[in-house]
Amino acid sequence: MKQLIIDRFEGTFAICEDKDLRYFGIEKEELPTGAEEGTVLVIDDDGNLHIDAEETERRRQRILAKQKKLFG
């Protein structure tokens, strides 16, 4: 399984980044419902996209902690 993170949206595409810092464009209509910037996606062996809710929340909490530490 491959993991991608939605970095941003440009037009009809979600620009996603993988662990090797490579970027991929995925059409918005192919995304699972609820996908937004920062969402962690998993591509299963059949090529289907799924949201990894646990990893998404873990990343958000880590980012919030860093922001709190930086900005007080």
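Residues numbered from 1 in each chain as written. Predicted model: local features only at pLDDT ≥ 70, side-chain atom pairs only at ≥ 80, totals over all residues. Heavy atoms only, no water.

K.L.:
Outline the nonpolar core, listing residues and values.
P.N.:
Considering soluble globular proteins, one finds that nonpolar side chains tend to be buried as a cluster. Counting nine residues, the largest nonpolar core is built from Leu4, Ile6, Ala14, Cys16, Ile26, Leu31, Ala35, Leu41 and Leu49. Those elements giving two or more residues to this core turn out to be β1 (2-10) and β2 (13-17). Among residues more than four places away in sequence, those in contact with Ile26 are Leu4, Thr12, Phe13, Ala14, Cys16, Leu31 and Leu49. (Core = buried A, V, L, I, M, F, W, Y, C linked by side-chain atoms within 4.5 Å. Buried < 20%, exposed > 50% of the residue type's maximum accessible area, 1.4 Å probe, protein only. Helix = DSSP H or I, 4+ residues; strand = E, 2+ residues; numbered from the N terminus. Contact = heavy atoms within 4.5 Å.)

K.L.:
An account of the pairing of β1 is requested, with residue identities and associated values reported.
P.N.:
Relative to strand β4 (residues 40-43), β1 runs antiparallel, the two being bridged by four bridges. If you follow Ile5 over to β4, its bridge partner there is Val40. As paired strands, β1 and β2 are joined by five bridges and run antiparallel to one another. In the sheet register, Phe9 faces β2, and the bridge partner there is Ala14. Between β1 and β2, which pair antiparallel in sequence order, lie two residues; one of them, Gly11, sits at a positive phi of approximately 60°. (Pairing = 2+ DSSP bridges.)

K.L.:
Could you give an account of the pattern of salt bridges, naming the residues involved and the relevant values?
P.N.:
One pass over the full model with this rule turns up seven salt bridges. The partner of Asp18 in a salt bridge is Lys2, with the nearest N and O atoms 3.5 Å apart. Taken together, the residues span a long stretch of sequence, with Asp18 in the loop between β2 and β3 (23-27) and Lys2 in strand β1 at a distance of 16 residues. On the basis of relative accessibility, which here comes to 6%, the residue Asp18 falls in the buried class. (Salt bridge = Lys/Arg side-chain N within 4 Å of Asp/Glu carboxyl O.)

K.L.:
Outline the sheet that holds strand β5 (residues 49-51), supporting the account with residue identities and numerical values.
P.N.:
Spatial ordering of the open sheet is given by β3-β2-β1-β4-β5, a layout of five strands whose pairing is antiparallel. Among the strands making up the open sheet, the edge pair consists of β3 and β5. For this sheet, the mean inter-axis angle between neighbouring strands, taken without regard to orientation, is 40°. Its contacts with the sheet put helix α1 (residues 53-71) on β1, β4 and β5, and the angle it makes with β4 is roughly 150°. (Axes fitted to C-alpha atoms, helices over the stretch in contact; angles between N-to-C directions.)

K.L.:
Lay out the environment of Thr56 with the relevant residues and their values.
P.N.:
In this fold, Thr56 is placed in helix α1. Between the alpha carbons of Thr56 and Val42 there is a distance of 11 Å; along the sequence they are 14 residues apart. Leaving out residues up to four positions away in the same chain, Thr56 has contacts with Gly38, Thr39, Val40 and Ile51. A polar side-chain atom of Thr56 sits 2.8 Å from the main-chain amide nitrogen of Val40. (Polar contact = N/O pair within 3.5 Å; in protein donor to acceptor, adjacent residues only side chain to side chain.)

By themselves these figures say nothing about function.
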